[in-house]
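Chain by chain, the residues:
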Amino acid sequence: MKISIRRSRRAAIAVALGSVLALTATACGDDGSGSGGDTGADGSGKGKIVFWDNNGGVRTDIWKQVIADFEKANPDIDVEYVGIASTEYQSKVDTAIQGGGLPDVGGVGAAMIAAIAAQNALDPLDDRLAKSSLDGKLNEDMVKSLKAAGGGDGTLYSIPTSANNGVLYYRTDLFERAGLDAPTTWDSFYEAADKLTNAGKNEFGYTIRGGAGSIAQALDAMYGQSGITSFWDASGEKTTVNDPKNVAALEKYAALYKKVTPAADLNNDFTKMVAQWDSGTIGMLNHNLGSYQDHVKAFGTDKFRGIPQPAGADGKRVQVSNPVDGLGLFKSSKNKAAAWKFIEFATSHAQNSKFNESAGQVPANNDAAKDAWVSKAEPTKLAAEALSDGSTTIVQLPYYLPDWGTISKSDNEPNFQKVLLKKMSAKDFLDTLAEQLNTAQAEWNEQKG
């Protein structure tokens with residue numbers, strides 16, 4: 001049976017609508033009436049703007065520092081900060097597009113650009129960037145990634161702030177005690193996960209992500225083991241997610257649940273997973289550069305390391321793309337001039353460096369990327385080296401599909417939990433995912449053509 005991606009998206013938006021009316025009623029820089037299609041205005045460049053943080057809670061403190069610096073430098077502009085959890089951000093934006101109440105500026109990463117831009121809610125930023133002091137100062141690959149994710153027409157809808165590579169964190173003290181080498185290959189990863197587990201003592205080799213955000217991590221493990229280097233086959237019409245090699249890889253990965261992981265992992269989003277690893281005796285954690293500082297606070301720098309994802313037996317590493325994060329200007333803003341000043345300020349050398357040092361991510365500003373802290377943060381340094389030394393192939397996820405967010409979240413996260421619980425086979429899960437992706441790709445190709 002064909003699955004209607006558009007219908008599932010509309011249903012998800014409708015469900016989200018009722019849950020966020022209180023937020024969207026007051027969270028706009030003008031009268032709260034902004035919605036998709038509203039052309040807005042540049043305004044005076046002064047007054048109030050509203051900023052939505054797409055990783056509220058986790059990044060609240062550092063964004064408030066950036067905002068304080070901005071308001072000091074621009075005393076005629078006030079910024080209202082609204083922190084929204086990453087797991088709720090897309091639905092809140094969708095709801096505001098439908099019902100009004102979009103902010104002036106907000107976090108818009110590669111994974112969500114196409115879905116928001118398809119609803120005519122973002123202002124193109126190519127001309128503003130070309131006239132800005134930022135022109136030529138931003139990482140070219142990050143800019144290209146955001147343009148590619150925007151829907152296929154090459155328009156820039158978000159100014160990059162950072163890149164966030166996948167990392168395998170492991171407890172060096174636990175590994176040394178068990179006589180284990182660093183988990184640099186998938187074979188050594190599985191060996192360590194098993195050897196470090198003693199459920200009776202609440203000791204586990206690994207923590208798996210079973211809740212929000214689980215699909216991207218599962219795809220990373222699949223492609224990393226299978227060695228398949230493209231998300232689409234040669235025709236560009238059929239996905240490789242349900243290739244037999246990927247099916248076998250997911251079966252092996254999902255079998256870790258409750259065998260070498262806590263049972264609570266079934267509902268882990270990244271905050272629960274990171275907090276659990278930081279407070280317990282779990283050997284390994286897959287996350288990204290963004291949680292590095294959390295681990296430093298928990299362990300110092302001598303009890304853990306963050307290394308690139310494991311390599312295959314041939315020494316080659318395959319990873320799926322981690323979305324570049326950025327700042328978007330919402331079309332309905334009545335004060336775009338002030339909002340653009342904030343984007344420029346936040347991605348300037350000093351502020352972009354400050355933000356990414358706190359977040360542990362790779363700066364988008366080229367000058368910030370040369371600052372001393374980057375080479376001192378080992379996971380960031382190793383991630384950058386792995387991407388430049390020829391050892392790593394990146395499988396580009398289809399962020400450009402307007403329905404990617406729905407497919408990779410609400411449509412399939414519950415099914416992945418069924419796989420972990422052995423109520424659904426890995427093959428059935430991936431076949432379902434493949435059917436949805438192939439349908440979305442066909443619709444996108446038709447529209448593009």
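Keep in mind that what you see is a predicted model, and the values were worked out from it rather than measured.

So, how was this worked out
- Residues numbered from 1 in each chain as written.
- Predicted model: local features only at pLDDT ≥ 70, side-chain atom pairs only at ≥ 80, totals over all residues.
- Heavy atoms only, no water.
- Helix = DSSP H or I, 4+ residues; strand = E, 2+ residues; numbered from the N terminus.
- Contact = heavy atoms within 4.5 Å.
- Areas by Shrake-Rupley, 256 points an atom, 1.4 Å probe, with all protein chains shown as cover.
- Lys, Arg positive; Asp, Glu negative; His and termini not counted.
- Charge placed at Lys NZ, Arg CZ, Asp CG, Glu CD.
- Pairing = 2+ DSSP bridges.
- Axes fitted to C-alpha atoms, helices over the stretch in contact; angles between N-to-C directions.
- Polar contact = N/O pair within 3.5 Å; in protein donor to acceptor, adjacent residues only side chain to side chain.
- Phe/Tyr/Trp six-rings, centres within 6.5 Å; stacked < 30°, edge-to-face > 60°.
- Lys NZ or Arg CZ within 6 Å of the ring centre and 35° of its normal.
- Buried < 20%, exposed > 50% of the residue type's maximum accessible area, 1.4 Å probe, protein only.
- Expected span 1.5 Å × (residues − 1).
- pLDDT = per-residue confidence, 0-100.
- Arc of directions from axis to C-beta.

**Student:** For this particular structure, what's the right way to read the overall build of the protein?
**Tutor:** Counting its secondary structure elements, the protein contains 20 helices and 12 strands. Each principal axis of the C-alpha distribution contributes one length, and for the protein these read about 65 × 55 × 40 Å. Counting contacts in the protein only where the partners sit at least 6 residues apart, residues at least 24 apart contribute 77% of the total. Carbon together with sulfur atoms contributes 49% to the accessible area of the protein, which is approximately 18,300 Å² in total. The positive charge centre, built from 46 side chains, and the negative charge centre, built from 55, are 2 Å apart in the protein.

**Student:** What am I meant to see in the sheet that holds strand 5 (residues 166-171) here?
**Tutor:** By definition, the strands of a sheet pair up through backbone hydrogen bonds, in either a parallel or an antiparallel sense. Here we have four strands laid out as an open sheet, ordered 6-7-5-8, and mixed in their pairing. Only two strands of the sheet have a single neighbouring strand rather than two, namely strand 6 (204-207) and strand 8 (304-307). Each strand axis lies, on average, 20° off the axis of its neighbour in the sheet, ignoring direction. Sheet topology note: the strand 6/strand 7 (residues 282-288) ladder contains three bridges and is parallel. Paired with Phe 204 across the two strands is Ile 282, which belongs to strand 7. Helix 9 (residues 186-195) contacts strand 5, strand 6 and strand 7 of the sheet and is inclined by roughly 125° relative to strand 6.

**Student:** Looking at this structure, how should I read the side chain of Gln 217?
**Tutor:** With respect to the element layout, Gln 217 can be found in helix 10 (residues 214-226). Only 3.5 Å separates the side chain of Gln 217 from the side chain of Tyr 206, close enough to count as a polar contact. When residues no more than four places from it in sequence are discounted, the contact partners of Gln 217 are Tyr 206, Ile 208, Arg 209, Tyr 253, Met 273 and Asn 286.

**Student:** I keep staring at the packing of aromatic side chains and nothing clicks. Help me out?
**Tutor:** Enumeration according to the criterion identifies 26 aromatic pairs in this entry. Geometrically, the ring pair formed by Tyr 169 and Phe 304 is tilted, given 6.1 Å between the ring centres and 50° between the ring planes. Residue Tyr 169 is found in strand 5, and its partner Phe 304 is found in strand 8; the two are separated by 135 residues along the sequence. Lying across the ring of Tyr 190, Lys 252 places its NZ or CZ 4.4 Å from the centre.

**Student:** Quick question: what am I supposed to make of the side chain of His 287 here?
**Tutor:** The topology assignment puts His 287 in strand 7. Only 2.9 Å separates the side chain of His 287 from the side chain of Ser 291, close enough to count as a polar contact. With near-sequence residues (within four places) excluded, His 287 lies in contact with Asn 165, Gly 166, Val 167, Tyr 169, Arg 209, Phe 270, Met 273 and Val 274.

**Student:** What is the right way to read the environment of Phe 51 from this model?
**Tutor:** Positionally, Phe 51 belongs in strand 1 (residues 47-53). Put simply, Phe 51 and Trp 63 are 12 residues apart on the chain and 9.8 Å apart in space, counted from C-alpha to C-alpha. Discounting residues that sit within four places of it in the chain, Phe 51 has contacts with Trp 63, Ile 67, Val 79, Glu 80, Tyr 81, Val 82, Val 105, Gly 106, Gly 107, Leu 327 and Phe 342.

**Student:** Please explain the pairing of strand 10 (residues 325-329) as it appears in this structure.
**Tutor:** Successive residues of a regular strand alternate their side chains across the two faces of the sheet. Most of strand 10 is tucked away: four of the five residues are buried. As paired strands, strand 3 (residues 105-107) and strand 10 are joined by three bridges and run antiparallel to one another. Along strand 10, the bridge assignment pairs Val 105 with Leu 329. Inspection of the sheet shows strand 4 (residues 159-163) paired to strand 10 by three bridges, in the antiparallel sense. Considered in strand 10, the bridge of Pro 160 is made with Gly 326.

**Student:** Before we go on, may I ask you to explain the sheet that holds strand 3 in this structure?
**Tutor:** Here six strands make up an open sheet; going across it, the order is 2-1-3-10-4-11 and the pairing mixed. Pairing within the sheet leaves two strands with one partner each, and these edge strands are strand 2 (77-83) and strand 11 (362-363). Strand direction decides the pairing type here: strand 4 and strand 11, joined by two bridges, are antiparallel. In the sheet register, Ser 162 faces strand 11, and the bridge partner there is Pro 363. Contacting strand 1, strand 2 and strand 10, helix 3 (residues 60-73) runs over the sheet at an angle of about 175° to strand 2.

**Student:** What should I look at first to understand helix 10 in this one?
**Tutor:** The periodicity of an α-helix, 3.6 residues per turn, causes residues three or four places apart in sequence to face the same way. Compared with the 18 Å implied by 1.5 Å per residue over 13 residues, the 18 Å span of helix 10 between its first and last C-alpha is a close match. Across the 13 residues that make up helix 10, a large majority, 11, are buried. The set of residues buried in helix 10 consists of Ser 214, Ile 215, Gln 217, Ala 218, Leu 219, Asp 220, Ala 221, Met 222, Tyr 223, Gly 224 and Ser 226. One or two positions beyond helix 10, positive phi appears at Gly 227, with a value near 80°.

**Student:** Whenever I open this one, the confidence of the model for the protein confuses me. Can you help?
**Tutor:** Low-confidence regions, as indicated by low pLDDT, have predicted coordinates that should not be scrutinised in detail. Scored by pLDDT, the protein comes out at a mean of 89, with 91% of its residues at no less than 70. Within the model, the stretch residues 1-35 combines pLDDT values under 50 with 67 contacts to residues more than four positions away or in other chains.

**Student:** So what exactly am I meant to see when it comes to helix 11 (residues 244-254) here?
**Tutor:** Here helix 11 has its buried residues at Asn 246, Val 247, Ala 249, Leu 250, Tyr 253 and Ala 254. Looking straight down helix 11, one finds its buried side chains confined to an arc of 165°; they lie on one side. Exposed positions of helix 11 whose direction lies more than 90 degrees from the buried face are Pro 244 and Lys 245. Backbone nitrogen of Lys 245 and a side-chain oxygen of the N-cap are separated by 2.8 Å at the start of helix 11; the cap is Asp 243.

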